[in-house]
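For reference, the chains in residue letters:
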Amino acid sequence: MMSTALLSHSDCLNHEVPRDHPERPGRLRAILRALEGHDLLREDAPLASDAQILRVHPQAYLDALTRAAPQDGFAAIDGDTWLSPGTIRAARRSVGGAIRAVDMVMDGTAQNAFVATRPPGHHAERSTAMGFCYLGTVAAAAFHALDQHGLSRVAIVDFDVHHGNGTQDLVQDTQGIAFFSVHQMPLFPGTGDPSERGAFGNVVNIPLRAGDGSAAFRAAMERHILPALDAFSPELLLISAGFDAHRDDPLASLDLVEDDFAWVTEKLCDLADVHAQGRVVSCLEGGYSLRALANSVAAHVDVLIARSA
């Protein structure tokens, strides 16, 4: 019998942010409380090695990021993105957790996995930290799957309300990785136009408008994302699972509810069953209403558990 893995680590609570910052440690605490009663294969997220990080970021960037981290207090990269003494270690756990989750689903230890770590990663470009993100978590996991598991087609589906500009930047020139995003536009970071297609037609961006809800989101998935994903026929499916498209989220203006996140998880698992032997690794991105985040993650993980039984 297969299982759903949960990768997390207490180091991810030690990435501290200024008071009233939305990407706060309480996000992870709320998620872990919501998952307490779930039947999950729990494992600590390991620290990513330099080599794993350098697959997506240059040494100069990693060195500069490490030097910028303060011994105490905070250091600002920009108005949204702050470093504390625990930030780099937490970010390494996020990358390491995603990579370990790939290993677990590829070697049959788990059918699928959810990586409950912070900080998120999908805004981190090759040499730029931004949007609460420092290291390209999901992109690093995708390259690991290609390099270490011999795969030739890895898909990333990002349903965070903000476009994953960092992930797109890191994978758009790689034929073996396809990136699919549904997001609100206009909204930070200002990227994600449908004209952005990648070097090999391996990028699919479907923007939604402020106020769009379940019907528009599901139509975008069914008319655009799912057919393109099916045509790509991935051998592994990675999800950038942001839950800030929820109607109660303070940072955006879409109108989704928990059932929408359960629905999209089912649809993605269906495609993974067809093409990828059901192998799915989902990594936490955004979501800033603690109640909505916890309930949405629980709905998402409930589907993963049901599909692994």
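Notes on the structure follow. Quick caveat: nothing in here was measured; it's all calculated off a predicted structure.

About the criteria used
Residues numbered from 1 in each chain as written. Predicted model: local features only at pLDDT ≥ 70, side-chain atom pairs only at ≥ 80, totals over all residues. Heavy atoms only, no water. Salt bridge = Lys/Arg side-chain N within 4 Å of Asp/Glu carboxyl O. Helix = DSSP H or I, 4+ residues; strand = E, 2+ residues; numbered from the N terminus. Buried < 20%, exposed > 50% of the residue type's maximum accessible area, 1.4 Å probe, protein only. Expected span 1.5 Å × (residues − 1). Phe/Tyr/Trp six-rings, centres within 6.5 Å; stacked < 30°, edge-to-face > 60°.

1. A look at the pattern of salt bridges
A side chain of one charge can pair with a side chain of the opposite charge when the charged atoms of the two come close.
Line of reasoning, step 1. One pass over the structure, following the stated rule, counts 15 salt bridges.
Line of reasoning, step 2. The partner of Asp255 in a salt bridge is Arg247, and the shortest N-O contact between them spans 3.1 Å.
Line of reasoning, step 3. In this structure, the salt-bridge partner of Arg307 is Glu266, at a minimum N-O distance of 2.7 Å. In this pair, Arg307 is assigned in helix H9 (residues 290-308) and Glu266 in helix H8 (residues 258-275), connecting sequence segments 41 residues apart.
Line of reasoning, step 4. Classification of Arg307 by relative accessible area gives partly exposed; the value is 24%.
Line of reasoning, step 5. The exposure class assigned to Glu266 is partly exposed, which follows from its relative accessible area of 32%.
Line of reasoning, step 6. Because the salt bridges share partners, they merge into one network encompassing Glu266, Asp270, Asp273 and Arg307.

2. Here we look at helix H5 (residues 137-149)
Because an α-helix packs 3.6 residues into every turn, residues spaced three or four apart end up facing the same way.
Line of reasoning, step 1. The terminal C-alpha atoms of H5 lie 17 Å apart, and with 13 residues this matches the ideal 18 Å at 1.5 Å per residue to within 8%.
Line of reasoning, step 2. Of all the 13 residues making up H5, 10 are buried; the element is thus mostly covered by neighbouring parts of the structure.
Line of reasoning, step 3. Residues of H5 that are buried: Thr137, Val138, Ala139, Ala140, Ala141, Ala142, Phe143, His144, Ala145 and Leu146.
Line of reasoning, step 4. Looking one or two residues past H5, Gly150 carries a phi angle of roughly 70°, positive in sign.

3. Examining the packing of aromatic side chains
Line of reasoning, step 1. The full count for this structure, using the stated rule, is seven aromatic pairs.
Line of reasoning, step 2. Taken together, a centroid distance of 6.5 Å and an interplanar angle of 65° make the contact between Phe180 and Phe232 edge-to-face. Highlighted residues: Phe180 in strand E7 (residues 177-184) and Phe232 in helix H7 (residues 214-232), separated in sequence by 52 residues. With respect to class, Phe180 is no different from Phe232; both count as buried.
Line of reasoning, step 3. Relative to Trp263, the ring of Phe217 lies with its centre 6.4 Å away and its plane at 70°, an arrangement referred to as edge-to-face. Residue Phe217 is found in helix H7, and its partner Trp263 is found in helix H8; the two are separated by 46 residues along the sequence.
Line of reasoning, step 4. Trp263 gets classed as buried once you look at its relative accessible area, which sits at 16%.
Line of reasoning, step 5. Among the aromatic residues, those joined into a ring-pair cluster are Phe159, Phe243 and Phe261.

What is shown is where atoms sit, not what they do.
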